[in-house]
Amino acid sequence: MSKAPLPVIVADMLWCSVRYEMGFRDYVVWDIRVLKARERATWMTHPKAFRLNSSLNGPDSGAIVGDKIRFLTDFADLTRREWLDASSASVDELSEFLTRHPRVIAKPSRGEGGAGIAIYERDNIQDVAEWRTSLIDNDQTLLEEVLTQHPALSELYPDSVNTVRMITFRDPNDNLHVIASVLRIGNGSVIDNFASGGMFTMLDDEGVALYPGVDKQSHIYPTHPVTGTSIKGFAVPHYPEIVAMISDAAKRLPTVPYVGWDIAVTPDGPSLIEANHNSSVFQMKPSASGIRTGLLHRYRDAIGPGVLERR
């Protein structure tokens, strides 16, 4: 990493924010300091991604996909799991739900980055009525059965459901463009979100991990620290079915063409978790991949250059 004095680095960060429309965290996470100008120009950035969301997606996009209960209702045939709204369910309905699913995940009906998510065990709930009250007080009113993930993904890390984030664009001719595909992996937690302690690696167009895992603190993991399973070369099960499912799902969102989808993989196939109209940007830092260029070209190939350029 660069040993330049701090004032030089700060000045370079400010220059990159103007020249490449690059956030300060983008600069740090993707090792921009050590890259040449022509390499820096190849990186997708979070300000560009924000503009894609605001330019491509309709003003109703947040309401359509940001409301998790509405999303689960609209895509019930693709989710492969039972869920319940604790705020409207009776205590008896909650008890019956726990009887069917002794282990449930609770989350806010709106929210991002894994915030507010917890797993509850039926055996640890002494009073369902009191538990319901606490769920409402803590804004954890969306309850879902905990999916059984594919055995291969459990071998990678068993304590969270490890998911695929697939960033796609549906063009005016209804063609689906997979811009980036990411495997998110838990690490010491029951959730796999990068913002909540998990790690990620990029997948190729066949669903195979291209690189080691990396976490928010920029630690690099050739093997998972808990299981010892190699991350680079890991093949996501049922990957062609994931692509087919997202191709179908994308057509149901005519006003939201630019989406970051989250998908779990069960032994029987993919399960749609949620959609994000303001997906984060995923690229692999050069110190983990050995590659000094980013994925801006994939966004341009899918969407075209116009909306990506600042006006």
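Note: the structure precedes this text.
Residues numbered from 1 in each chain as written. Predicted model: local features only at pLDDT ≥ 70, side-chain atom pairs only at ≥ 80, totals over all residues. Heavy atoms only, no water.

Engineer: So what about unusual backbone geometry? Which residues, and what values?
Structural biologist: What is expected of a backbone is that most residues other than glycine have negative phi and most peptide bonds are trans. Its identity is not glycine, yet D174 carries a phi of approximately 70 degrees, on the positive side. Here D174 shows up in the loop between β5 (163–170) and β6 (176–185). Given a relative accessible area of 39%, D174 falls into the partly exposed group. Despite not being glycine, S218 has its phi angle at roughly 70 degrees, a positive value. Overall, the relative accessible area of 27% leaves S218 in the partly exposed class. (Helix = DSSP H or I, 4+ residues; strand = E, 2+ residues; numbered from the N terminus. Buried < 20%, exposed > 50% of the residue type's maximum accessible area, 1.4 Å probe, protein only.)

Engineer: Please set out the sheet that holds strand β10 (residues 258–266) residue by residue, giving values where relevant.
Structural biologist: Reading across from one edge, β9-β8-β7-β6-β5-β10-β11 is the order of the 7 strands in this open sheet, with antiparallel pairing throughout. Taken across any chain shown, the strands that pair with only one partner, and hence form the sheet edges, are β9 (220–221) and β11 (269–276). Bridge count between β5 and β6: 8 bridges; the pairing is antiparallel. If you follow T168 over to β6, its bridge partner there is V178. Running at roughly 145 degrees to β6, helix α13 (residues 296–303) makes contact with β5, β6 and β10 of the sheet. (Pairing = 2+ DSSP bridges. Contact = heavy atoms within 4.5 Å. Axes fitted to C-alpha atoms, helices over the stretch in contact; angles between N-to-C directions.)

Engineer: Residues and numbers for a nonpolar patch on the surface, please.
Structural biologist: Judged by side-chain polarity, L6, V10, L14 and F24 come together as a nonpolar surface patch covering roughly 380 Å² of accessible area. Per element, the largest residue contribution to the nonpolar patch is 3 residues, and it comes from helix α1 (residues 6–19). One can find V10 in helix α1. For V10, a relative accessible area of 38% translates into the label partly exposed. (Patch = residues over 30% accessible without salt bridge, like charges linked within 9 Å, V, L, I, M, F, W, Y side chains within 5 Å. Areas by Shrake-Rupley, 256 points an atom, 1.4 Å probe, with all protein chains shown as cover. Salt bridge = Lys/Arg side-chain N within 4 Å of Asp/Glu carboxyl O.)

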